[in-house]
Amino acid sequence: MDPEGSRIQDDPDVKVMMAGSTLRKVKSRSWKKQRHFRLLEDGLTIWYKSRWAGRGHSTFSITELEAVREGHQSEVLLSIAEEFHADQCFTLVFHGRQGNLDLVAESPEEARAWIQGVRKLIQKAQTMDEKERLDQWVWDWFKKADKNKDGKMNFKEVRTLLKMMNVEMNEEHALHLFTMADKHECGSLEIEQFVHFYKMLTQRDEVWKVFQDYSGDGEKLMLEELENFLSVEQQEGEKSSQHAQELIDRYEPSESAKKQGAMSLDGFQIYLCSREGSIFKPEHRDLHQDMSQPLNHYFISSSHNTYLLEDQLRGMSSLEAYIQALKRGCRCVEVDCWDGSDGEPVVYHGHTLTSKILFRDVISTVKEYAFKVSDFPVILSLENHCGIEQQTVMAQHLRQILGDTLQTTLLDGQVPQQLPSPQELKGKILLKAKKISSPGDCLDGTLTDEVSDEEEIANDEPGSLSTEEPSAESLNCDGKNGKKSKSKLSRELSDLVVYCKSVHFHGFEHAHSHAKCYEMSSFSESKAKRLAKDAGTNFVQYNTRQLSRIYPSGLRTDSSNYNPQEMWNVGCQIVALNFQTAGLEMDLNDGLFRQNGCCGFVLKPDFMRDGNTQFSPDKPEERQGYKPLRLSIQVQSCMGDLWLQWTATTVSVNGKQEVLCAFLCWAVVFVSIVQIYLCVYQVISGQQLPKVNQKEGSIVDPLVRVEIYGVPQDHAKEETSHINNNGFNPVWNETLNFVIHAPELALVRFVVEDYDKASRNDFVGQFTLPFTCIQAGYRHIHLLSKDGTAIPPSSLFVNVSITDFT
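Criteria and cut-off values
- Residues numbered from 1 in each chain as written.
- Predicted model: local features only at pLDDT ≥ 70, side-chain atom pairs only at ≥ 80, totals over all residues.
- Heavy atoms only, no water.
- Helix = DSSP H or I, 4+ residues; strand = E, 2+ residues; numbered from the N terminus.
- Buried < 20%, exposed > 50% of the residue type's maximum accessible area, 1.4 Å probe, protein only.
- Contact = heavy atoms within 4.5 Å.
- Areas by Shrake-Rupley, 256 points an atom, 1.4 Å probe, with all protein chains shown as cover.
- Core = buried A, V, L, I, M, F, W, Y, C linked by side-chain atoms within 4.5 Å.
- Pairing = 2+ DSSP bridges.
- Axes fitted to C-alpha atoms, helices over the stretch in contact; angles between N-to-C directions.
- Parallel < 35°, antiparallel > 145°, perpendicular 65-115°, else oblique.
- Left-handed = near helix turned anticlockwise from the far one by under 90°.
- Nonpolar A, V, L, I, M, F, W, Y, C, P; charged D, E, K, R; others polar.

## Here's the deal with the overall build of the chain
- A tally of helices and strands in the chain yields 24 helices and 36 strands.
- Counting over 806 residues, the chain shows a buried share of 59%.
- By sequence separation, contacts in the chain at least 24 residues apart represent 71% of the contacts at least 6 residues apart.
- Accessible area of the chain: about 33200 Å², with a carbon and sulfur share of 47%.

## Structural notes on the nonpolar core
- With 68 residues, the main nonpolar core has Leu380, Leu398 and Phe539 as its most contacted residues.
- In this structure Phe539 touches Phe508, Phe523, Ala528, Leu531, Ala532, Ser548, Val570 and Cys572, once residues within four positions along its chain are discounted.
- By size, the runner-up hydrophobic cluster in this structure holds 33 residues, among which are Val635, Val700, Ile740 and Phe767.

## Looking at the pairing of strand 34 (residues 762-770)
- Within strand 34, 7 of the 9 residues are buried, which leaves the element mostly enclosed by the surrounding structure.
- Inspection of the sheet shows strand 33 (residues 747-754) paired to strand 34 by 8 bridges, in the antiparallel sense. Along strand 34, the bridge assignment pairs Val751 with Gln766.

## Observations concerning helix 24 (residues 584-592)
- Counting buried positions over the 9 residues of helix 24 gives 7, a clear majority of the element.
- All buried positions along helix 24 are accounted for by Met586, Asp587, Leu588, Asn589, Asp590, Gly591 and Leu592.

## Examining helix 13 (residues 265-272)
- Of all 8 residues making up helix 13, 8 are buried, and the element is well covered by its neighbours.
- For helix 13, every residue scored as buried is listed here: Leu265, Asp266, Gly267, Phe268, Gln269, Ile270, Tyr271 and Leu272.

## Focus: the packing of helix 16 (residues 359-369) against helix 17 (residues 388-402)
- Contact geometry for helix 16 and helix 17: axes closest at 10 Å, N-to-C directions at 25 degrees. Taken together, the axes of helix 16 and helix 17 are roughly parallel relative to one another. You can see that helix 16 and helix 17 cross each other, and the crossing is right-handed. In this structure, helix 16 contributes Phe359, Arg360, Ile363, Ser364 and Lys367 to the contact, and helix 17 contributes Met394, His397, Leu398, Ile401 and Leu402.
- Classifying every residue of the contact of helix 16 with helix 17 by side-chain character gives 6 nonpolar, 2 polar and 2 charged.

## A short note on unusual backbone geometry
- Backbone geometry places Cys598, a non-glycine residue, at a positive phi of 50 degrees.
- Positive phi is not limited to glycine here, since Asn733 has a value of about 55 degrees.
- With respect to the helices, strands and loops of the structure, Asn733 is situated in strand 32 (residues 731-740).
- Residue Asn733 is classed as partly exposed on the basis of its relative accessible area of 47%.

Here it is in structure tokens:
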């Protein structure tokens, strides 16, 4: 078995990486240390260590990397630009919130080899097919277990392997499997025998049983039998017939089975673990919603204090934070601007110890990354604390750097009666800020709103630790805090605000009779919660006409987040969260915006777009078209007993016979959905859950919890029992039931935890998605880390049923 393949090994750039290089690892202008880096033989692992660090070393996988940036494309490398030429520098960018790795090579040639080599390896990792991924994964485990590196694995190494794979197995049973795989009776396994051992280890009876239920001969599913499975279990109805043939053509590895119009167990398992077999409807992952409606008819992925990588008291302000947010599909970023000492505006969290970055650099970064993952508009939410002079400088930077991408005029030259659509504003950047006048009006250069949006925290939250202070222009003539005079606003900056004019909120009645569609207000979370509780229907109606922005309480000095679901329940569009802070709240945000091509815009339900709506989150049953659903989730097993029955099809690769193991369901939770407004989740099994305690001998005791977030009546949590000492292939076979009153607003979160009777359970993995995006039937759920990144091959296998609730 040669997973990396001869072509990539023979590549000259990869050869340089495998030979190894001494590179400077750079953390700051003063921290530059030499480290020896090399690519290991698996073609996927980069190893590095200090020559002075003894035996200590670090590794990371190519699969953890998102991209490579050339030259001085990081703040750290820019700071040493005079010391090291750009053609020696490069940055390795990791997925998720993991910090980047800034490196300097000894020569431009060496830098070029690493840049090109890493890019080729990233591309190969992203394009591997199912067999290649399985081969690579099995090869990795074999190498990890082969401690003495002799190409063989004795039983002692096998026992170590089982611990590494997060499974506690009876030693007698493990020895029995080992002996069966040891065909040469030499007391050790070579790679091919190890594959056979792993095949026996990972047999999963639950998948085999489903296959047997529909197979006439127990060996294959004929076309009609597969159609029956898709119709009955997967709830596909009329499209089952055509889809069955497509699945055979796409996933069946055996040519003889294809000719018979049949699907083998291998093909069946490959399908179940594919994108089509996922719990997430494939068509909902792609851009599929109507994007021609007014901006305020969409939920918009939004960031608070976007410039921060950590907390808002001492954290680092960084351009990288804007890059990370925009790469996650964020469409509204915050820019907190203050006067700089040298005439250049700076961005940071005012009156705190957070570091400062230049406003012009922020705008340049937004320009470069705004439309990398989505073509739809980006809103710059400006918190303006600058004096007139530097406001004018800001306006100049916005015009010069953004150019035509900045929307500075009305689309049709007419004062709008409704906001333009995301489709009409594709590729455009909008400025949200205070404005001297309404579009089309011509007033003097004073502004009647005295404070920035978030300075209103002080009025909303007694005792708040808000760092906002009145600006010089808001003090009275004797310099003491008294009645505020009108703030000064630069005409040049004001003129750049078109569709997102910030105004003070004077109540729903005033907004209904006086407000314009292009006027929007910001609300602290506490004020928004009060309004939602006291006047939920009015808030929903307000949001059918205007945009509203919600931001975290000033008391959240640790940059924690509030639950965004409460704000979405009343139709608030710009629900700003601290993207740098992982946890439940960001899981919900990622879950909502995982649909519609991850474009950052999600169309609100129709009852939240009707100006005359009477919808109230507290009384969902009173709305027109009310249809509750029953959701049932069956958790049968987790990873193993029924595993893919690695029935091992053989194929010829470069003249050699290789085992094609239908490895497919690495991290799967099977969910079966019955078309009802009641949701039943059967949690069947899990596969290869990651270890959370790296202590030797520590094994996960996993449980699965299903959480529903939506209108108050829908909030619910149910969990399975825990399985002792098995993170490799736990089996639950338990069913969890829920009733969903407002399915259009509900999010479903699957969480796996390591049970601990003495302390709080440890987080293992999660996956969150909108209820409307769930596929019925036997499905897999690929788990994500706390950081929101994939942790293959961890998964859950579930059976989901959705039916009408009567």
